[in-house]
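# Per-entry structural report
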Amino acid sequence: MAIILSTCYFPATQAVVFFSDDFERTTLEQTAGSPNGFIQDQMPNSAYQYFPKTRVWTAGDNNLELLTNGASGVNAHSGRHFVELDTWANSSMSTKVKLVNGQHYRLRFHSRSRSLFQLGGGLRAAVTAPNFNSGYFSVVGTSNWTEWQFLFLYSGPTGEATLSFEATGTSDGIGTFLDDVSLETTISGDPNTPEALTGILPPATPGLFGNEKTRTDIVTPIVVDKSAAIALGKALFWEQGVGSDQMACASCHFHAGGDNRVKNQLSPGLTHAAATGTTFEPTLSGALGGPNYTLTKADFPFDPANDDTVTSSGTFSGQFFSTIADSNNEDCDRDVSPIFHVNGVGTRNVEPRNSPTVINAAYNYRNFWDGRANNEFNGVSPFGARDVAAGVYINDNLTRNVDFQQGTNNFSGTVDTYLDASFRNTAYATATSLLVDDGSPNQKNILIRFDGLFGNGPGQIPPGSKIESASLKVFVTKTDGLDYVGINQMLVPWSDTSTWNSLASGISTNNVEASSTQLFRLSAGGSGNQSFDNLASSLQAWSNGAPNYGWVINTGSTDADNWTIASAQAATTSQRPRLVVTYTPPVKIVKKPLKLINASLASQAVGPVGSDFEMACRARKFADVGRKLLNRKPLQFQSIAADDSVLSALPTLLGANGTYSTLIQKAFAPAYWNGDCGSQCGTPNTGVAPNAAYNQMEANFSMYFGIALQLYQETLISDDSRFDKWKRSLYIPTTAERNGEAIFNGKGECNACHKGPTMSNATNLQTSDNVIEGMLMKNNQVAIYDKGFYNIGVVPTDYDIGGGGLDPFGNTLSLSRQYVQSQFVDSFGVEPCKFDQDNGLCADNSPARRAQNTAVVDGGFKVPTLRNVEFTGPYMHNGSLSTLEQVVSFYNQGGNFDNPQKHPDVKPLGLTPQEQADLVAFMKTFTDPRVSYERAPFDHPSLTIPHGHVGNEFFVTDGNQLDPALGVDENRTLPAVGRFGKSAPLPSFESGLK
């Protein structure tokens, strides 16, 4: 093994891998020669496939090769697949990673030469960001797989950086293979146990900030001002005007990212298909429970047989009609719910599942308890590519470049010849060289034209485009030291069989045969690659509908020898004439799928806004929210602390009269907001007023909302707890805390699900190898499950099947069920050879072998982070536990129920009372004081939250201003908090119970 270390400090401890790719989970985008929806696992041995883009990597100017074991007689370093970079194509690839200023990193990868006879190549890697360049980490070709390690200190800005690889070598045709690429931090620790999070940022979302060459389907970058986008996200997250009756996203995520309300928080088990799923059961204390009930300590832990849940109250719902000027409320035909009412007085709906914290949710591969917030954001809904109707509206008139050259990118429209006064009836259609001369009697004119330039097909210039620039690149093989050559626009038709005589003694620049205006001239003596510039006027005329007759090339007046240039028939493709055009297409709005990966938070953000349990009246579209808010000042009816860590910049960003529209225009690329939709961006539902068609900004409001909220929530990173300081030798733990850690990672087996710096198996850090896994169940049979989603026996499985459920389109939410059934609706790769239990799938990954496996997904729920767990009660997906002591007791007894899907590590633990207390003490070290005191970035504007209704579970006062049949809200108001936070810490959930 070869190890190369730069001169950079690296602690002698185990590092934490936060980015890795072994090319086993590569999902290929469609490219030339590959079928649509190409599945990597279908590649036979010895096969190779070109790709321009995977879910991780973006190719450079040339395609890359993904190879399978046996290709060129080589097997992958691990698994079945590896990549080849070729010197002949100068092939390269890059990906986005997120790095922290001042942090040490280690880059690892394996490489080898294609064969023993091709040892002259190699490759080099680099990490770049604004004001940072690591320099090249170069390696040479070796005859066997060799591991390379490079250390570097990152001094660029905290955030997105580019990791790239490119081929090196001095001769063509040399390939270097690459496999097992990873980036590690120099944080000490074991990746299978909780570890410090400092220095590890959420995964990058390619396309948001960089110009992605292969994303020809959309305009990149999408976000042009990250600071403005974060400000937009924070404002919208806390904006009460997003809801139909003043519910903000923050209304259920205001307390350490969760919800600690205790009144009107019961839901009747709506996910349970039995009759009790719509009725309320008595609580453990013997109280009636139900709508508007105030929870008490005696109600917890819930009776496991009770299918009721403790979650979050939301909207009254109703049928949406219109927004109301200068009000956060909307005009809806509100009705009293048959479930949520007290003696016929309507109460707010309560959603079926507990609200998990949004803090550190940016690391999750999928979000929501059941994982329905897809890793891929489609710009509209939570469901990624499953929602085939989803798309964003793009003003497709950004300036772009296009080249036309015979034999390149399937172009075959170059027509060229020359006319020779010495051979007046001879045509030179197949000549490999074109000659021009003004010396009598040997005059010669070159004619050249590019057909098929304009149209609406791939690679064509749309008619009516504005031509910004145009140049004709030629390769001069013979020149003249005394005379120039010039180019003029042709005004009459010709063909490559035209002759001197057929065109009436050659071409005259007389404004009849050709324009008298010389567009450009090449100076005498030029040779090799030359360029006729300033040809935009010709292209503009043709774009506007004039006939394209090309150009004539003439020499000056001196009796000079021939100039000779390579023709479109030249043997060397790169020497053929090439037309390079920069143009701006006509204004055109197109609807396109967005497909942003590592964007589950954006997928999650757009879900509640359309839910008539959480925030909306029925029939309200997301574009209606945009129509309501775009012309408003952000947080118009709420207050902002003068020293808010983000929103204090709004006056600078917005000016005196700025609105949400102003902020969107600053944050997002113009292509996503500056077009004229006409009537093609959709209309409101029937009965909604006004009923005018949506404009582009209204139609794309869901995209702005999702991306902005994701970027804001990516700032809500909790990584400065006592635990983090402990792992960085900045805090000395107590005896109880140290004992608790030993139990957590040992007898308690907590680290089976709560691994790594994020303390959850459901995050991108823990799913970098596989998003599904094999597990030996209690019946000694191997089953397949979604990594980070487990059934732990909180309630009977049929109360809520969680990750085993379906999306609105009838597809399973489960990734492992897709794999077992070989029916894929999500893009992900699988490497069964890395399963803990592969059940023979490593040797045979065929659909038939997969079908012999069982997916244990029913009743599975996402593993939540344990960071700040002291304040994120109530606990479990159904909110059935109120304290950490109850949580530990639950696990100590082995859960509440056994079932075939239950995780085998949930079993009686035999912890003593002292061990349980120590475990709780350890988990409280996960509290970040910035969270508990609401210091930046966890500061916030003011928020008024409904907290039940006037009255109790037996009587509710009617007469709500929204509708007299609805209960009057009791409100809880949170004051605006600035960057320095509050003087008192947050209370726990239990402390709010009587």
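Here the structure is shown first, and the text comes after it.
Quick caveat, the model's predicted, so the values are computed rather than measured.

## Observations concerning the packing of helix α3 (residues 600-609) against helix α8 (residues 701-713)
At a minimum axis separation of 8 Å, α3 and α8 run at an interaxial angle of 125°. The angle between α3 and α8 places the two elements in the oblique class. Here α3 runs over α8; the crossing is right-handed. Between α3 and α8, the contacting residues are S600, L601, A602, A605, V606 and V609 on the first element and S702, F705, G706, I707, L709, Q710 and Q713 on the second. Looking at the contact of α3 with α8 residue by residue, the class counts come to eight nonpolar, five polar and no charged.

## Description of the packing of aromatic side chains
In the structure shown here, the tally under the stated rule is 37 aromatic pairs. Ring centres of Y819 and F835 lie 6.5 Å apart, and the angle between their planes is 75°; this geometry places the pair in the edge-to-face category. With Y819 in helix α11 (residues 815-821) and F835 in the loop between α11 and α12 (847-850), this pair connects stretches of sequence that are 16 residues apart. For Y819, a relative accessible area of 1% gives the class buried. Taken together, W57, Y105, F109, F132, F137, F150, F152, Y154 and F165 form an aromatic cluster joined through their ring pairs.

## Digging into the environment of P301
Its location among the elements puts P301 in the loop between β14 (266-267) and β15 (309-310). Residues P301 and D858 lie 557 residues apart in sequence; the distance between their C-alpha atoms is 23 Å. Apart from the residues lying within four places of it in its own chain, the contact partners of P301 are L284, S880, L881 and Q886.

## Concerning helix α13 (residues 884-892)
Restricting attention to buried positions, one finds in α13 the residues L884, Q886, V887, V888, F890 and N892. Buried residues along α13 sit in contact with α14 (913-923). One or two residues past the end of α13 sits G894, with phi positive at roughly 85°.

## Topic: the nonpolar core
F668 and Y672 are the most contacted members of the largest nonpolar core, which has 73 residues in total. Every element with two or more residues in this core is listed here: α1 (226-238), β20 (392-395), α3, α4 (622-629), α5 (650-654), α6 (660-667), α8 and β37 (943-949). Core analysis: the next-biggest nonpolar cluster, separate from the first, contains 42 residues, F19, M93, F137 and F152 among them.

## Some words on α14
Within α14, the full set of buried residues consists of Q916, D918, L919, V920, F922 and M923. Taken together, the buried residues of α14 touch α9 (722-727), α10 (735-745) and α13.

## A word on the state of the cysteines
According to the stated counting rule, one finds three disulfides in the structure shown. There is a disulfide in this structure between C332 and C617, and the S-S distance comes to 2.2 Å. Measuring the twist about the S-S bond at about 110°, one finds the C332-C617 disulfide to be right-handed. Taken together, the residues span a long stretch of sequence, with C332 in strand β17 (residues 330-333) and C617 in the loop between α3 and α4 at a distance of 285 residues. When sorted by exposure, C332 lands in the same class as C617, which is buried.

## Concerning the packing of α10 against α14
The interhelical angle for the contact between α10 and α14, taken along N-to-C directions, is 100°, at an axis separation of 7 Å. Taken together, the axes of α10 and α14 are roughly perpendicular relative to one another. Listed contacts from α14 to A736, E737, N739, G740, E741, I743 and F744 of α10 are E915, D918, L919, A921 and F922.

## A look at a nonpolar patch on the surface
Together, L288, F954 and F955 line one region of the surface with nonpolar side chains, adding up to about 340 Å² of accessible area. Residue position: F955 is located in the loop between β37 and β38 (958-960).

## Focus: the pattern of salt bridges
Across all of its chains, the model carries 38 salt bridges by this definition. Close ionic contact of D396 with R400 constitutes a salt bridge, the shortest N to O distance being 3.1 Å. Its relative accessible area of 13% is what places D396 among the buried residues. The exposure class assigned to R400 is partly exposed, which follows from its relative accessible area of 27%. Among the ionic pairs, R930 bridges to D719, the shortest N-O distance being 3.2 Å. Of this pair, R930 sits in helix α15 (residues 929-932) while D719 sits in the loop between α8 and α9, and the two are 211 residues apart along the sequence. Across the pair, D719 and R930 agree in class, each one buried. Among the charged side chains, a network of salt bridges with common partners joins R106, R108, E147 and E184.

Rules used throughout
- For every chain, the first residue of the written sequence is number 1, and numbering continues from 1 onward in sequence order.
- Restriction of local features to residues with pLDDT of at least 70 applies here, the model being predicted, together with a cutoff of 80 or more for giving and counting side-chain atom pairs; totals for whole chains, interfaces and linings are based on all residues.
- Side-chain metrics in this entry use all non-hydrogen atoms of the structure; hydrogen atoms and water are not considered.
- Geometry is summarised by axes, namely lines fitted to C-alpha atoms with helices restricted to the contacting stretch, and by angles between N-to-C directions that run from 0 to 180 degrees.
- Helix numbers and strand numbers start at the N terminus; a helix is a DSSP run of H or I with at least 4 residues, a strand a run of E with at least 2.
- Roughly parallel covers angles under 35 degrees, roughly antiparallel covers those over 145, roughly perpendicular covers 65 to 115, and oblique covers all other angles.
- Crossing chirality is assigned from the near helix's rotation relative to the far helix, an anticlockwise turn below a right angle marking it left-handed and a clockwise turn marking it right-handed.
- Should any heavy atoms of two residues lie within 4.5 Å, those residues are considered in contact.
- Think of it as three bins: nonpolar holds Ala, Val, Leu, Ile, Met, Phe, Trp, Tyr, Cys and Pro, charged holds Asp, Glu, Lys and Arg, and polar takes everything else, Gly as well.
- Aromatic pairing here means that ring centres of Phe, Tyr or Trp (its six-membered ring) are within 6.5 Å. Orientation follows from the plane angle: under 30 degrees is stacked, over 60 is edge-to-face, and everything else is tilted.
- The classification of residues rests on relative accessible area computed with a 1.4 Å probe and restricted to protein chains. Under 20% of the type maximum is buried, over 50% is exposed, and intermediate values are partly exposed.
- Definition of nonpolar core: a set of buried residues of the types Ala, Val, Leu, Ile, Met, Phe, Trp, Tyr and Cys, connected through side-chain atoms within 4.5 Å.
- We call a pair of cysteine sulfur atoms a disulfide when they lie within 2.5 Å.
- Residues forming no salt bridge and having over 30% relative accessible area are the ones grouped into patches, like charges within 9 Å of each other and nonpolar side chains (Val, Leu, Ile, Met, Phe, Trp, Tyr) within 5 Å.
- For the accessible areas, the method is Shrake-Rupley and the probe is 1.4 Å, while residue cover comes only from the protein chains on display.
- Just to be clear on terms, a salt bridge is a Lys or Arg side-chain nitrogen sitting within 4 Å of an Asp or Glu carboxyl oxygen.

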